[in-house]
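# Structure assessment
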Amino acid sequence: MKTVLATLATLLLLVTAQSHGHHSTSNFDFEKEVAVSGTVTYMSFTNPHSFIDIDVIDKAGQKSSWKVFATSRVVLQRYGWTPESVKAGDAISVTGHPDKTKPREMYLTKIVFANGKTWLRSSIDN
Amino acid sequence: MSGHGRTRNGARRNACTRLLGVLALCQFTCSLAAPPDLTGVWMPETKRTQPFPRNPPYTDAVRASIAESRQTYDEHLDDLGRSCLPYGMPQQVLGTAAYPLEIIQRRDRITMVHELHMAIRRVFLDGRSIPADARPTRLGYSVGRWEGNTLVVETAALAPQQLGTQRRSPAMRIVERYTLLEGPQEPTGKSLRLTIRIEDPETYTQPITLDKYYTWGSPRFEMGEYFCTEDLWNQLATGNKSRIPWR
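Just so we're clear, the structure is a prediction, and the values are computed from it rather than from any experiment. (Residues numbered from 1 in each chain as written. Chains lettered and ligands numbered in written order. Predicted model: local features only at pLDDT ≥ 70, side-chain atom pairs only at ≥ 80, totals over all residues. Heavy atoms only, no water.)

## Looking at the environment of K87 of chain A
Residues and elements named next belong to chain A. As for its position among the elements, K87 is in the loop between α2 (73-78) and β4 (91-98). The partly exposed category is assigned to K87, whose relative accessible area is 36%. For K87, the side chain forms a polar contact with the main-chain oxygen of E84, separated by 3.5 Å. (Helix = DSSP H or I, 4+ residues; strand = E, 2+ residues; numbered from the N terminus. Buried < 20%, exposed > 50% of the residue type's maximum accessible area, 1.4 Å probe, protein only. Polar contact = N/O pair within 3.5 Å; in protein donor to acceptor, adjacent residues only side chain to side chain.)

## Notes on the environment of P44 of chain B
Structurally, P44 of chain B can be placed in strand β1 (residues 40-45). As for P44 of chain B and G183 of chain B, which are separated by 139 residues in sequence, their C-alpha atoms are 18 Å apart. When neighbours within four sequence positions are excluded, P44 of chain B is seen to be in contact with N126 of chain A together with G95, T96, A97, Y99, P100, K212, Y213 and Y214 of chain B. (Contact = heavy atoms within 4.5 Å.)

## Observations regarding the sheet that holds strand β10 (residues 190-199) of chain B
Residue and element names in this part refer to chain B. Reading around the circumference, β1-β2-β3-β4-β5-β6-β9-β10-β11 is the order of the nine strands in this closed barrel, with mixed pairing throughout. Averaged over all pairs of adjacent strands, the angle between their axes in this sheet comes to 30°, without regard to strand direction. Of the pairings in the sheet, the one linking strand β4 (residues 119-124) to strand β5 (residues 141-147) comprises two bridges and is parallel in character. Each residue of the ladder has a partner; that of V123, found in β5, is S142. (Pairing = 2+ DSSP bridges. Axes fitted to C-alpha atoms, helices over the stretch in contact; angles between N-to-C directions.)

## Quick look at the packing of aromatic side chains
In the structure shown here, the tally under the stated rule is 15 aromatic pairs over all chains. With a centroid separation of 5.7 Å and 75° between ring planes, the pair formed by F51 of chain A and W246 of chain B is classed as edge-to-face. One end of the pair, F51 of chain A, is in strand β2 (residues 50-57); the other, W246 of chain B, is in the segment after α6 (230-238), on a second chain. Neither residue differs from the other here; F51 of chain A and W246 of chain B are each classed as buried. Their ring planes at 25° and their centres at 5.7 Å tell us that Y58 of chain B and Y204 of chain B sit as a pair that is stacked. Of the two residues, Y58 of chain B is situated in the loop between β1 and α2 (60-71) and Y204 of chain B in the loop between β10 and β11 (208-216); the sequence distance between them amounts to 146 residues. Of the two residues, Y58 of chain B and Y204 of chain B, neither departs from the other in class, the shared state being buried. Ring pairs connect the aromatic residues F28, F30, Y42, F51, F69 and Y107 of chain A together with W246 of chain B, which therefore count as one cluster. (Phe/Tyr/Trp six-rings, centres within 6.5 Å; stacked < 30°, edge-to-face > 60°.)

## A closer look at the state of the cysteines
Residues and elements named next belong to chain B. All chains considered together, the criterion is met by one disulfide over all chains. Disulfide partner of C84: C228, at an S-S distance of 2.1 Å. Residues C84 and C228 share a disulfide whose torsion about the S-S bond is about -75°; that sign makes it left-handed. Placement of C84 in the loop between α4 (80-83) and α5 (91-94) and of C228 in the loop between β11 and α6 is noted, with a sequence separation of 144 residues between them. The exposure classification of C84 matches that of C228, with both residues buried. (Disulfide = S-S within 2.5 Å.)

## Observations regarding the pairing of β1 of chain B
Residue and element names in this part refer to chain B. Taking burial as the measure, the six residues of β1 include six buried ones, the bulk of the element. As defined by bridge partners, β1 adjoins strand β2 (residues 101-105) across three bridges and the pair is classed as antiparallel. In the strand pairing of β2, W42 is matched with L101. For β1 and β11, the ladder comprises four bridges, and the chain directions are antiparallel. Paired with M43 across the strands is T215, a residue of β11.

## Considerations on the interface of chain B and chain A
Tallying the contact residues gives 46 residues for chain B and 36 residues for chain A. For the pair chain B and chain A, the summed buried area comes to about 3400 Å², and 54% of that belongs to carbon and sulfur atoms. At the junction of chain B and chain A, the tally comes to five salt bridges. Of the charged contacts, one joins R78 of chain A and E115 of chain B as a salt bridge, the two residues approaching to 2.1 Å between their closest N and O atoms. (Buried area = accessible area lost by both parts, 1.4 Å probe. Salt bridge = Lys/Arg side-chain N within 4 Å of Asp/Glu carboxyl O.)

## What about the side chain of D90 of chain A?
Residue and element names in this part refer to chain A. Relative to the helices and strands, D90 resides in the loop between α2 and β4. Within the local environment of D90, its side chain forms a polar contact with the backbone nitrogen of K87, the two atoms lying 2.9 Å apart. Excluding anything up to four places from it in sequence, D90 contacts G38, T39, V40, S85 and A114.

## Considerations on α6 of chain B
Residue pairs spaced three or four apart in an α-helix point in one direction, given the helix's 3.6 residues per turn. Of the residues making up α6 of chain B, those classed as buried are E230, D231, N234 and Q235 of chain B. Buried residues in α6 of chain B, looked at end-on, bunch into an arc of 140°, giving them a common side. Away from the buried face of α6 of chain B by more than 90 degrees, exposed residues W233 and L236 of chain B are located. Those residues of α6 of chain B hidden inside the fold are in contact with β1 (34-44), β2 and α2 of chain A. (Arc of directions from axis to C-beta.)

## Focus: the confidence of the model for chain A
Residues and elements named next belong to chain A. Model confidence for chain A is summarised by a mean pLDDT of 86, while 82% of its residues fall at 70 or above. No element of chain A has a lower mean pLDDT than helix α1 (residues 2-20), which averages 43, and none a higher one than β4, which averages 98. In the model, residues 6-21 has pLDDT below 50 throughout and makes 22 contacts with residues more than four positions away in sequence or in other chains. (pLDDT = per-residue confidence, 0-100.)

Structure (C-alpha cells):
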C-alpha cells in the first residue's frame, strides 16, 4: 500500500511538473490560503522564479521567517512589478497557498506593497 | 502628327492598359494565394487548450521503464527544471503559462521565439526536407509549408530523453498545424489554433493529438528576457545565502 501511495504521489508530481513546463508547484496546497504581514529581509526578483523572505512578529512577540514563492521576474514585470516593488526593509502583507510540508512557505496570490498598493496573482492572464 | 503616329501611340496605350490589367490580376490572384502573416506576439490561452493526456498510451517497455525510474527518482538529476535545462519538444510548445511566443515570418523561413527558456525554433519553408543526418537536438529540425491558411510544421531529429514521464525516442516525429482564426468571436480579434500530433512508436502505442490556442498579444504584450539562472547569480552578487526553494 505504501509503495502504491508513493508511486501515485510521484506520478502526480511528475504530471504536475509536466503541465507547468518547468518547476513543479505541487508542493503547495491550492485548497488553502494563509496570510501574514512582516518585514522583507531578502527579495530574489529573478527568473526562473522570484521569492521573498520576510520576518513576521506574532502576537506574542515571537519572530519567524517566511519564504514566499512567486512567479518569474519576466512575468511579474509584464504584470506591473518593478525591481523597486519589494525591497529589504519594506513592510508588506502577503496571502498565498501554504506549502504542504513546510509551515512557513507559501505560493503568493496577493501582496500589499509597502506603498499600500495591492497586486493579485489572478491579474496574470494564465 | 501623322495618322501612322496616332496608330502607333494607340497601340502603345492598349499594350500598357493590357499590361496594367495583367499586373492587377496577378496582384489580385497573388494576394489570394498569399498565406496569412503570423508575425507578432502570441499569448498561450488556457481556456480552449487541451492538456497533455494524464495517461499517455505508453508502450509496455516505456511503462516499465517509468515504473523503474520512480524507484530511483532523483530530483536533482531527473527534474530538469532544477538545472534550468529545457525539456525541448514537444513540451516547449505544450505549456500554457503566461510566456508569449513571437513569430517572425519570412517567405522562406519562420522563426519562433519562445520567451520561456528563450527557445528559438527555425522552420525552413524553402522546400528542403529534414536532412537524414541532421544532428539530433532537444528542439529538433523543422521544415514547413503552407496548406491554404494553415502553416504545417514537421519536426524530427530530436535528441532522445528518458527522464520520468518526459520520454522521447529518436523515432519521434511531430506535426504542428497553425491556423489563423479571425473574427469577433476571438478574445482579441484573432487567435492561432495549433493542432499538434506527436508520433513516437518507440514511446507511444498511438499518436497523441491535441489542440492548443494562442491569442493575439500585440501590442499589449512585449517579449521579455528569461535567463533561468538569475536566482543563483543574484545570491552570488548579494552574498545572500537564503535557500532557493526550487533548487
